[in-house]
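# Inside the fold
What follows is the residue order along each chain.
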Amino acid sequence: MNHLVIAPVLLPLVAGIVLLLLRGAPLPLQRTLSMIAILAQAGAAVLLLQSVLEGPLRVYALGNWQAPFGIVLVADPLAAWMVLITALLALFALLYALRGGDQAGRHFHVLFQLQLFGLQGAFLTGDLFNLFVFFEILLLASYGLLLHGSGPHRSRAGLHFVVLNLAGSTLFLFAIGTLYGTFGTLNMADLAVHVARADADQQSLARLAGLLLFGVFALKAALVPLHLWLPAAYSAATAPVAALFVIMTKVGAYGILRLDVLLYGEGPLSNLLDAWLLPLALLTLALGTLGVMASTHLRRQVAWLVVISVGTLLTAFAIGGVNGIAAGLYYLPHTTFAGAAFFLLADSLARRRGEHDDHFVPHARLADRRLLGGIFFIVAILLAGLPPLSGFIGKFLILRAALDTPAATAWVLAIILGGSLLTIIALARSGSLIFYRSHPAEHGTATGQLWQELLPTAGLIMLCLGLVVAAGPIDAITRLIAEQLLQPEIYIQAVLGGTRS
């Protein structure tokens, strides 16, 4: 069972290599291999999460070189939770791509698997340098996926995306170089021990490195003021790529959470992010809401909704404590699945509106508007946070957790509730322009082909409904994850055992 830790990393890597070797093979064979790999990853993710929830953390020493000297993969409940969310998202994104989106460019399935390799590796690695390596792998794959289908708007968005992320990678190297030069290690558990014991001379360098890392993760998460790349990049990508990209902002949020509770969770630098995270998260939420209201295209509006989700998620993490982190970890899969579903739905709508595409203009003839409008309504409720769906539960948990921090309660309540109200207004306007002011197209009855096209979107919506039906057990899981995170000695002991330096 210990080899289960490496399975979510190894499966997409092997699949990507095999698909690259078979790049001249018929497309149906490539699709079959890619889907088998995704299903295997989802199965392994379920078993891994079950294993770490029922037993101790699992540490996999590559080459049998033990930490802190060797490279290790660490499966704790948080990492396993993220691995499962990523695998489920990838499954439905790939299902949508199999309807023809994978033919718009070369090597789609290779890049898709390598993107998953980087994502799952980033969640499972226990070494800061290898977190940088996995970041670079997922970013390199994302460059190719963003340009999939070509076009000037994708090239322009891709250029901005590449330049900003290269700058982020440079800062990442500066940060880990500073930490290695100061403490002589990059194993995250070992670094946590050293940072907690840092003397006065080391504290300044450790603080500098920590703030650089925060800047890098904030860029990946699209936290204000490092968020402007996201709307252009996500709205330009093809639908299945944009759906998969929704999890990439969560990689940044994951990095910030690890930084806050593990690397700088104890000792004299334990309040490193206190002055920064909550104000920036609330500002991200507020500016994201303005972006949603100002959008003139549906895809760009969905991209701004992703920015809102980043602000809401990091607000929960900034509140902290078991209640705040658990609320964020419940909200995380909700916003990932709902945001991805909206990108897929936006593509289905755009292709049926002819020259109007996804522009917010009335009087376009729209086929199957009743079915599409019903799904739009459900997704809008999910993302706005209206009862009784998972968005409401997630925001309710965050607001309840905010009551534990009286100094910030008023700001959190005002911005989250005000943002939700404005989001409802913006989505209602979008829906009325697309559906109520459109003319029914001829042959407007839903076809079997449309039902098949909407299956991935419906699957993601069903995952959100599952979060409602199983809200009690899932809340228990997220609370268990939060409790374990707030006891970093559990992680440190599992990785280092009796070998602490």
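Above this text you will find the structure in question.
All residue numbers here refer to positions counted from 1 along the written sequence of the relevant chain. Residue-level local features of this predicted model are given only where pLDDT is at least 70; pairs of side-chain atoms are given and counted only at 80 or more, and the full residue set underlies all totals for whole chains, interfaces and linings. Note that water and hydrogens are dropped before the side-chain values are worked out from all heavy atoms of the structure.

At a minimum axis separation of 10 Å, helix α13 (residues 321-352) and helix α14 (residues 369-384) run at an interaxial angle of 150°. Between α13 and α14, the angle falls in the class roughly antiparallel. You can see that α13 and α14 cross each other, and the crossing is left-handed. Of the residues in α14, those in contact with H334, A338, G339, F342, L345, L349 and R352 of α13 are L372, I375, F376, V379, L382 and L383. Charged means Asp, Glu, Lys or Arg here, nonpolar means Ala, Val, Leu, Ile, Met, Phe, Trp, Tyr, Cys or Pro, and polar covers whatever is left, Gly included. Partitioned by chemical class, the residues of the contact of α13 with α14 number ten nonpolar, two polar and one charged. To get an axis, a line is fitted to the C-alpha atoms, and for a helix only the part in contact is used. The angle between two axes follows their N-to-C directions and goes from 0 to 180 degrees. Each helix is a run of H or I in the DSSP string that is no shorter than four residues. Each strand is a run of E no shorter than two, and both are numbered from the N terminus. An angle counts as roughly parallel when it lies under 35 degrees, as roughly antiparallel when it exceeds 145, as roughly perpendicular when it falls between 65 and 115, and as oblique in every other case. Helix crossings get a hand from a simple test, with the near helix turned counterclockwise from the far one by less than a right angle marking a left-handed crossing and a clockwise turn marking a right-handed one. Residue contacts follow a heavy-atom distance rule, with two residues in contact if any of their heavy atoms lie within 4.5 Å.

Another point: the layout of surface pockets. Buriedness for pockets is judged along seven lines, at least five of which must meet protein on both sides within 12 Å for an open set on the 1 Å grid over protein atoms alone, while cavities are sets there where a 1.4 Å probe fits but cannot get out, and lining residues have an atom within 4 Å of a point. Grid points are joined across faces, edges and corners, and a volume is the space filled by probe spheres set on the points. Taken as a whole, the largest pocket spans an internal volume of roughly 560 Å³. Along the wall of the largest pocket there are 28 residues; nearest its centre are R154, S235, A236, A237 and R299. For the lining of the largest pocket, the secondary structure elements donating two or more residues are α6 (152-183), α9 (229-236), α10 (239-263), α12 (298-319), α13 and α17 (448-469). Among the elements that line the lining of the largest pocket, the one with the most residues is α6, at five residues. Of all elements in the fold, only α14 and α16 (406-436) reach the threshold of two or more residues within the lining of the second largest pocket. Its residues assigned to classes, the lining of the second largest pocket shows eleven nonpolar, four polar and two charged.

Axis separation between helix α3 (residues 77-97) and α10 bottoms out at 8 Å; the angle between their running directions is 170°. With respect to α10, the axis of α3 lies roughly antiparallel. Touching L78, A79, M82, I85, T86, L89, A90, A93, Y96 and A97 of α3 are A239, P240, A243, L244, I247, K250, Y254, L257 and R258, all from α10. Across the contact of α3 with α10, the residue classes break down as 16 nonpolar, one polar and two charged.

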